[in-house]
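# What the coordinates show
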Amino acid sequence: MTAKGTLIFDYPTKARSKGISPQEDWHANNSFTISEISELSKDQFTIKNTTGILLFPIHRFPKSLRKYFLPLDIFLCKTFLKKYASYHIVVLEKI
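Owing to the predicted nature of the structure, the values given are computational and were not obtained by experimental measurement.

## A closer look at the nonpolar core
Listed in full, the five residues of the largest apolar core are Tyr11, Ile37, Phe45, Val90 and Leu92. Discounting residues that sit within four places of it in the chain, leucine 92 has contacts with Gly5, Thr6, Leu7, Phe9, Ile37, Ser41, Phe45, Thr46 and Ile47.

Encoded structure:
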């Protein structure tokens, strides 16, 4: 009998770390693409959902302005632009 389960995690996106904000010695040097996550997990998991987060550096905006940019950031991270978000959240389901 095979155990069922769900694995949810986030990771730095490769498109962002290599194109938009390349930096040496940054944790995004451990970044991935969704294709790489799929390949790494293919024998044990299927991808159920992915979501981008932090297209804009919201944490660097003045607190008084964050509330205006956060809804836009959330919206854009659900479009084709999620590829350029700082992070992706992926939901994997055990096969």
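## Regarding the environment of lysine 83
Here lysine 83 lies in the loop between α3 (63-76) and β3 (87-94). Given the relative accessible area of 47%, lysine 83 is considered partly exposed. Linking lysine 83 and lysine 14, residues 69 residues apart in sequence, is a C-alpha distance of 8.5 Å.

## Some remarks on the sheet that holds strand β2 (residues 45-53)
Strands sit in the order β1-β3-β2 across an open sheet of three strands; the sheet is antiparallel. Each having just a single partner strand, β1 (6-12) and β2 make up the two edges of the open sheet. In this sheet, neighbouring strand axes are inclined to one another by 20° on average, regardless of whether the strands run parallel or antiparallel. Where β2 lies against β3, eight bridges are found, and the strand directions are antiparallel. Bridge assignment links threonine 50 to a residue of β3, and that residue is valine 90. Across the sheet, helix α2 (residues 34-41) is in contact with β1, β2 and β3; its angle to β2 comes to roughly 155°.

Cut-offs and rules
- Residues numbered from 1 in each chain as written.
- Predicted model: local features only at pLDDT ≥ 70, side-chain atom pairs only at ≥ 80, totals over all residues.
- Heavy atoms only, no water.
- Core = buried A, V, L, I, M, F, W, Y, C linked by side-chain atoms within 4.5 Å.
- Buried < 20%, exposed > 50% of the residue type's maximum accessible area, 1.4 Å probe, protein only.
- Contact = heavy atoms within 4.5 Å.
- Helix = DSSP H or I, 4+ residues; strand = E, 2+ residues; numbered from the N terminus.
- Pairing = 2+ DSSP bridges.
- Axes fitted to C-alpha atoms, helices over the stretch in contact; angles between N-to-C directions.

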